[in-house]
Amino acid sequence: RAATIVMVLLVLYVKAEFENIESVTFPAPEYHYCFDVKDGQSDEDRKGVFMCAEDTQELDNSRGEANFVIKFPDSKKQASVVFTDVKGVTTSGVVAKSGEFVPVMGFECRGLELEAWYPTKGAVIKSTGGTVWKDVDLSEDPDGWFEYCENASNSVGVTDIQFEIRKHKS
């Protein structure tokens, strides 16, 4: 009997503490999200897998396509992820509140689960003074990201980055 591949809609929630920061954006569609993924049928997993909404791959034996495709060794079918903006829920990659979990992006997952998320290079940070930093690597320093805003003459920072991956019930 063939295992059925179930589609699950997962939403990535991100929280960070801001100091004089207006927003942190993971710009769609070019931002590369980094996850640990787990096979939906076994304990097989892959650490540090990158996926991007700009990338599309055709699915085997299907007319469909996905933004990320993987085949786990013991699985007969491909597992896939499709980036999706959840209407009225996700912010298209923008975190504009300090200290609150914000739903940044949705992922339709078939045959796999997203286990952990890692911030990577490519974020855009805007200070309350209007300065914009592009292609920021939020993984460089475990203590956070710190800069100086010339416009407002004050220090800025993003610290204590946390995530939750939640199942979305439509």
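Residues numbered from 1 in each chain as written. Predicted model: local features only at pLDDT ≥ 70, side-chain atom pairs only at ≥ 80, totals over all residues. Heavy atoms only, no water.

(A) Spatial organisation of the overall build of the protein. Tallying secondary structure elements over the protein gives zero helices and 15 strands in all. Seen through its principal axes, the protein has C-alpha atoms that stretch 65 × 30 × 25 Å. Sorting the 170 residues of the protein into buried and exposed places 42% on the buried side. Taking all contacts inside the protein whose residues are at least 6 apart in sequence as the whole, residues at least 24 apart take part in 60%. Accessible surface for the protein amounts to roughly 9400 Å². Of this, 44% is attributable to carbon and sulfur atoms. Of the side chains in the protein, 18 bear a positive and 29 a negative charge, and the two mean positions are spaced by 11 Å. (Helix = DSSP H or I, 4+ residues; strand = E, 2+ residues; numbered from the N terminus. Buried < 20%, exposed > 50% of the residue type's maximum accessible area, 1.4 Å probe, protein only. Contact = heavy atoms within 4.5 Å. Areas by Shrake-Rupley, 256 points an atom, 1.4 Å probe, with all protein chains shown as cover. Lys, Arg positive; Asp, Glu negative; His and termini not counted. Charge placed at Lys NZ, Arg CZ, Asp CG, Glu CD.)

(B) The arrangement of the environment of T25 in detail. By the element assignment, T25 lies in strand β2 (residues 21–25). Judged by relative accessible area, T25 falls into the buried class, the value being 17%. Sequence-wise, T25 and V6 are 19 residues apart; in three dimensions their C-alpha atoms are separated by 30 Å. Those residues in contact with T25, other than ones at most four positions away along the chain, are G93, V94, A123 and V124.

(C) Local environment of the pattern of salt bridges. Inspection of every chain in the model, using the stated rule, returns six salt bridges. Between E22 and K126 there is a salt bridge, with the nearest N and O atoms lying 3.6 Å from each other. Pair noted here: E22 is in strand β2 and K126 is in strand β12 (residues 121–127), with a separation of 104 residues, a long-range link. Owing to a relative accessible area of 30%, K126 belongs among the partly exposed residues under this scheme. (Salt bridge = Lys/Arg side-chain N within 4 Å of Asp/Glu carboxyl O.)

(D) Here's a closer look at the state of the cysteines. Enumeration according to the criterion identifies zero disulfides in this entry. The thiol of C109 is unpaired, and the distance to the nearest cysteine sulfur, on C34, comes to 14 Å. Taking the relative accessible area as the measure of exposure, C109 reaches 0% and is therefore buried. (Disulfide = S-S within 2.5 Å.)

(E) Representation of the sheet that holds strand β9 (residues 94–95) in the model. Spatial ordering of the open sheet is given by β9-β2-β12-β13, a layout of four strands whose pairing is antiparallel. Sheet topology places β9 and β13 (132–137) at the edges, where each strand pairs with a single neighbour. Two strands pair when backbone bridges link them, and β12 and β13 are joined in this way by four bridges, in the antiparallel orientation. Bridging across to β13, K126 finds its partner in V132. (Pairing = 2+ DSSP bridges.)

(F) Representation of unusual backbone geometry within the structure. For the bond from A28 to P29, the omega torsion is 0°, close enough to zero to count as cis. Its location among the elements puts P29 in the loop between β2 and β3 (32–39). In this model, S92 sits at a positive phi of 55°, which is unusual for a non-glycine residue. Among the structural elements, S92 can be located in the loop between β8 (79–84) and β9. Among the residues examined, S92 registers a relative accessible area of 31% and is labelled partly exposed. For D160, which is not glycine, the phi torsion reads 50° and is therefore positive. Within the secondary structure, D160 is located in strand β15 (residues 154–167).

(G) Representation of the environment of K134 within the structure. Relative to the elements of secondary structure, K134 occurs in strand β13. Between the alpha carbons of K134 and C34 there is a distance of 18 Å; along the sequence they are 100 residues apart. K134 has contacts with A123 and V124, leaving out every residue within four places of it along the chain.

Such coordinate-based values are descriptive only and should not be taken to indicate function.
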